[in-house]
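# Close look at the chain arrangement
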Amino acid sequence: MDEFKVRTVDLQQVQNQTRHKTDGLSSSTLVLRRGQAFTVTINYDGRPFDPLKEKLIFRIVLGPIAVEVPVSRFGQPSLTQWTAVLERSVPNPTGPRALSVTLSSPATASIGVYTLQLRVEARLSVKTHLLGQFTLLCNPWCEADSVFLQSEDLRTEYVKSDIGLLFKGSPGNIVSRPWSFDQYEKGILDICMKLLQVSPQHQADMGKDLLNRSNPVYIGRVISAMVNCNDDKGVLMGNWSGDYSGGVNPSQWSGSADILRKWAATQFRPVKYGQCWVFAAVMCTVMRALGIPTRVITNFSSAHDTNGNMVIEEYYNEMGEKLSFSRDSIWNFHVWVESWMKRPDLSRGYDGWQVLDPTPQERSEGMFRCGPAAVKAVYEQKVDAQYDVPFVYAEVNADVRVMIVRDRTVLSTSVDKRRVGALISTKRPGSMSMQDVTSEYKTEKDTEPIRAAGGFSARGFSFGDERTTAREVSKGTAVSLQLLKPPVVGENISFNVIITNNEAAQKLLKKHVNAQNKEYNRNPTGTFWEAHDDVKIGPKETVTIKHEISFKEYMLKETAEDSLVNLAVVIEDVKSQERVLASEEFNISTPSLDIQIQNEVSVIINAPQVATVSFTNPFNVAVSGELSVSGSGLLEKKAQMSLTIQPRETIKKPVNFTPRMAGARMLSANLVLENPSTVLHGFKTINVQAS
């Protein structure tokens with residue numbers, strides 16, 4: 001009888017990927033999760049395999065690292081080392097001869113693209129067969145993996161789901177933006193693996209990088225730096241200037257695939273442009289694709305403390321105009337991600353959600369990246385727990401010291417301990433709504449963290465008594481602002497100024513109200529509306545004065561998607577010269593697009609469907625722009641059309657699609673208008689049934 005001779009080896013892609021929950025991920029290789037067994041079939045000719053006459057050895061190669069795994073007849077898959085166990089082969093005298101081998105990887109294996117070889121050693125010959133490649137990912141389903149997540153619902157949301165909802169705007173007027181993470185789109189997983197290969201760590205020392213890739217703490221740190229292009233061949237270039245020529249306005253992106261594909265197609269040149277939610281959403285895609293549970297977080301009123309004193313200084317003039325003296329700023333919202341992992345590098349109690357922030361703000365160990373910072377360490381103010389806990393702590397907890405100044409002299413000071421980190425939110429699992437996670441970051445009112453000795457510095461300003469300025473002093477007059485309804489583009493902005501006289505004597509007051517437009521991540525620019533008048537107020541009296549800012553007065557300034565208004569009022573007591581200030585920052589929400597599905601209850605895989613996108617023009621001028629509709633697993637490529645819509649006209653546009661994937665899917669629509677320049681959004685989630 002002929003000798004034993006390997007003919008072909010079948011990597012059993014479909015069965016293995018279904019078992020490893022990687023089905024749907026598109027790659028040029030087999031896709032597996034670590035810490036789990038997979039099966040390959042060896043088809044052979046000649047006599048049956050005889051372990052006394054030949055040895056089968058699998059060789060598993062990752063860059064310069066190789067592991068030899070002899071096939072054993074008796075053994076158990078192991079969670080700590082690579083193993084290969086021969087399943088009992090049933091001899092079939094007539095059919096093809098096949099052996100089934102179960103291979104398993106350790107739960108601590110490095111993630112990456114491996115090459116699989118099989119060596120057959122007989123008495124007189126050695127033959128090596130190249131079997132192909134496989135991509136190995138983290139495994140949140142495996143208890144021994146450091147990204148293990150207990151709940152199946154949470155694994156579904158934070159690893160498998162490709163539907164995102166990002167929150168922007170301000171706490172009183174939250175804007176929900178759909179985002180498609182696109183990790184199942186063609187070629188995206190391969191690009192995510194490329195991201196690790198292009199990183200400076202891999203380029204500097206391939207072997208060291210590949211060994212470190214067993215640890216999600218390391219992976220998170222590499223990806224956090226690679227999503228921005230500040231120190232490397234990273235994915236996105238940030239731009240907060242308002243001038244997006246030569247690239248894409250960050251508000252126009254609606255999913256990660258366009259960005260990642262563009263980056264890969266241009267030989268890893270940075271894609272223009274990103275802002276915080278784009279950086280975070282792309283990072284969420286990469287981490288979910290790698291098998292690390294990840295969610296996108298929005299921190300409303302996020303402090304960017306440049307000098308590390310945990311205090312953000314804000315300056316106003318006597319007319320209520322905010323001044324740009326300080327390098328510190330409060331972003332109306334800032335978006336980062338949290339990834340779920342163990343922290344063996346920290347003392348016990350810091351496993352779980354970790355903050356990772358790819359937006360380039362400050363350097364961490366020489367590179368623009370941030371985290372992982374354990375959310376628990378932020379909550380406990382454990383500022384020495386690596387990485388970057390003090391920076392994240394300040395983002396959610398800094399005090400705001402507000403000063404009214406004239407000629408670089410401080411006229412009055414107050415401290416607001418509640419504004420920063422007013423609301424910290426994420427998408428609720430299994431639903432298109434918001435979940436409030438503020439209590440995971442901070443107690444109701446944070447106690448003073450341990451700070452360096454010494455007072456606060458405000459550059460070049462003269463202060464009165466440091467002890468009185470550091471806390472709010474009870475004043476003879478109090479003032480507050482009240483928005484009467486959430487502002488919407490096309491409508492007037494209505495608000496009240498409420499003034500209270502705390503003393504038993506009549507007062508003559510000067511009232512200065514000022515509205516400035518601002519970008520979400522920095523101090524305001526010019527004033528576009530103001531009102532100044534005198535107010536007489538009786539003893540212990542409260543007066544309410546209503547103001548309106550017409551659409552015409554803010555139309556050109558305030559229609560961009562992320563434009564915000566800084567509204568401030570200064571009340572000056574003419575006799576005592578005492579001044580009090582109230583300020584409110586808010587966004588003006590753009591109208592949303594409506595998407596309806598013709599036959600919503602019976603959307604079936606591979607059956608053609610029609611969606612209708614509709615929009616009513618709220619402006620008193622005709623608007624024109626470009627409508628695009630996309631949906632991962634629903635539309636092969638974006639549907640795009642140019643539109644012109646008359647004032648108050650409603651348009652309805654049909655979009656044909658054929659679902660390719662079952663389960664929860666999302667259609668999202670963008671309408672990019674030219675004048676006024678703004679981006680409108682809408683989305684519809686669809687449950688696609690298997691046929």
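The model shown is predicted, which means the values in this text are computed figures rather than measured ones.

### Here we look at the pairing of strand 17 (residues 329-341)
In summary, the side chains of a regular strand alternate between the two faces of the sheet. Here strand 17 lies mainly inside the structure; 12 of its 13 residues are buried. The pairing of strand 14 (residues 294-304) with strand 17 spans 10 bridges and is antiparallel. By the bridge assignment for strand 17, phenylalanine 300 is matched with phenylalanine 333. Inspection of the sheet shows strand 17 paired to strand 18 (residues 352-356) by 5 bridges, in the antiparallel sense.

### Considerations on the sheet that holds strand 38 (residues 663-673)
Judged by pairing direction, the sheet is antiparallel, and its 4 strands sit side by side in the order 36-35-38-39 without closing on themselves. Strand pairing shows two members of the sheet lacking a second neighbour, strand 36 (639-645) and strand 39 (678-688), which therefore form its edges. Taking the axes of each pair of neighbouring strands and ignoring which way they run, one obtains an average angle of 20 degrees across the sheet. Relative to strand 39, strand 38 runs antiparallel, the two sharing 11 bridges. What sits directly across from serine 668, in strand 39, is phenylalanine 683.

### With respect to the UniProt feature "domain: Transglutaminase-like" (unreviewed entry) in the protein chain
With numbering matched to this structure, UniProt assigns "domain: Transglutaminase-like" (unreviewed entry) to residues 268-360. Within the segment residues 268-360, helix and strand shares are 15% and 44% respectively, and the terminal C-alpha atoms sit 18 Å apart.

### What to know about helix 8 (residues 276-289)
Taking 1.5 Å per residue, 14 residues should reach 20 Å; helix 8 reaches 20 Å between its end C-alpha atoms and fits that length. The element helix 8 is extensively covered by neighbouring structure, given that 14 of its 14 residues are classed as buried. Just past helix 8, the residue glycine 291 takes up positive phi, approximately 95 degrees.

### Considerations on the packing of helix 7 (residues 256-265) against helix 8
Helix 8 packs onto helix 7 with a crossing angle of 85 degrees between their chain directions and a minimal axis gap of 10 Å. One element, helix 7, and the other, helix 8, form an angle in the roughly perpendicular class. In contact with Ser256, Ile259 and Leu260 of helix 7, helix 8 contributes Val278, Ala281, Val282 and Thr285. A per-class count over the contact of helix 7 with helix 8 returns 5 nonpolar, 2 polar and no charged.

### A closer look at the packing of helix 3 (residues 188-198) against helix 8
Orientation of helix 3 relative to helix 8, taken along the N-to-C sense of each, is 100 degrees, at an axis distance of 10 Å. Judged by the angle between their axes, helix 3 and helix 8 are roughly perpendicular. Between helix 3 and helix 8, the residues in contact are Ile188, Leu189, Cys192 and Leu195 and Thr285, Val286 and Ala289, respectively. Residue composition of the contact of helix 3 with helix 8, by class: 6 nonpolar, 1 polar and no charged.

### Notes on the nonpolar core
Of all hydrophobic cores here, the largest spans 64 residues; its most connected members are Trp179, Ile223, Leu236, Ile259, Trp263 and Trp277. Listed by contribution, the elements that provide at least two residues to this core are strand 10 (163-170), helix 3, helix 6 (216-226), helix 7, helix 8, strand 14 and strand 17. Looking at this core element by element, the count peaks at 12 residues for helix 8. If we skip the residues at most four places from it in the chain, tryptophan 263 touches Ile191, Lys194, Leu195, Val198, Met226, Lys233, Gly234, Val235, Phe268, Arg269, Pro270 and Val271. In this structure, Ala515, Val535, Ala611 and Leu671 belong to the second largest nonpolar core, which totals 55 residues.

### Points about the side chain of serine 589
Within the element layout of this structure, serine 589 appears in the loop between strand 32 (579-587) and strand 33 (594-597). With residues near it in sequence (within four places) discarded, serine 589 still touches Asn173, Pro487, Val488 and Val489.

### Describing the packing of aromatic side chains
Under the defined criterion, the tally for this structure stands at 21 aromatic pairs. Here tryptophan 263 and phenylalanine 268 contribute two aromatic rings whose centre-to-centre distance is 4.7 Å and whose plane-to-plane angle is 55 degrees, an arrangement assigned as tilted. Given the relative accessible area of 18%, phenylalanine 268 is considered buried. A connected cluster of aromatic rings, assembled from ring pairs, spans Trp240, Trp277, Phe279, Trp331, Phe333 and Tyr520. Directly above the aromatic system of phenylalanine 325 lies the positively charged group of arginine 408, at a separation of 5.3 Å from the ring centroid.

### A word on the pattern of salt bridges
Under the definition given, this model contains 36 salt bridges. The partner of aspartate 388 in a salt bridge is arginine 221, and the shortest N-O contact between them spans 3.7 Å. Of this pair, aspartate 388 sits in the loop between helix 9 (375-379) and helix 10 (389-397) while arginine 221 sits in helix 6, placing them 167 residues apart in sequence. Linking arginine 579 and glutamate 318 is a salt bridge whose minimum nitrogen-to-oxygen distance equals 2.9 Å. Remark: glutamate 318 occurs in the loop between strand 15 (311-316) and strand 16 (322-323) and arginine 579 occurs in strand 32; sequence separation between them is 261 residues. Each member of the pair, arginine 579 as well as glutamate 318, is classed as buried. Here the salt bridges share partners, and the residues they tie into one network are Glu314, Lys322, Asp416, Arg419, Lys518 and Glu585.

Scoring rules and cut-offs
Residues numbered from 1 in each chain as written. Predicted model: local features only at pLDDT ≥ 70, side-chain atom pairs only at ≥ 80, totals over all residues. Heavy atoms only, no water. Buried < 20%, exposed > 50% of the residue type's maximum accessible area, 1.4 Å probe, protein only. Helix = DSSP H or I, 4+ residues; strand = E, 2+ residues; numbered from the N terminus. Pairing = 2+ DSSP bridges. Axes fitted to C-alpha atoms, helices over the stretch in contact; angles between N-to-C directions. UniProt positions renumbered as here; feature names shortened; annotations may be inferred. Expected span 1.5 Å × (residues − 1). Parallel < 35°, antiparallel > 145°, perpendicular 65-115°, else oblique. Contact = heavy atoms within 4.5 Å. Nonpolar A, V, L, I, M, F, W, Y, C, P; charged D, E, K, R; others polar. Core = buried A, V, L, I, M, F, W, Y, C linked by side-chain atoms within 4.5 Å. Phe/Tyr/Trp six-rings, centres within 6.5 Å; stacked < 30°, edge-to-face > 60°. Lys NZ or Arg CZ within 6 Å of the ring centre and 35° of its normal. Salt bridge = Lys/Arg side-chain N within 4 Å of Asp/Glu carboxyl O.

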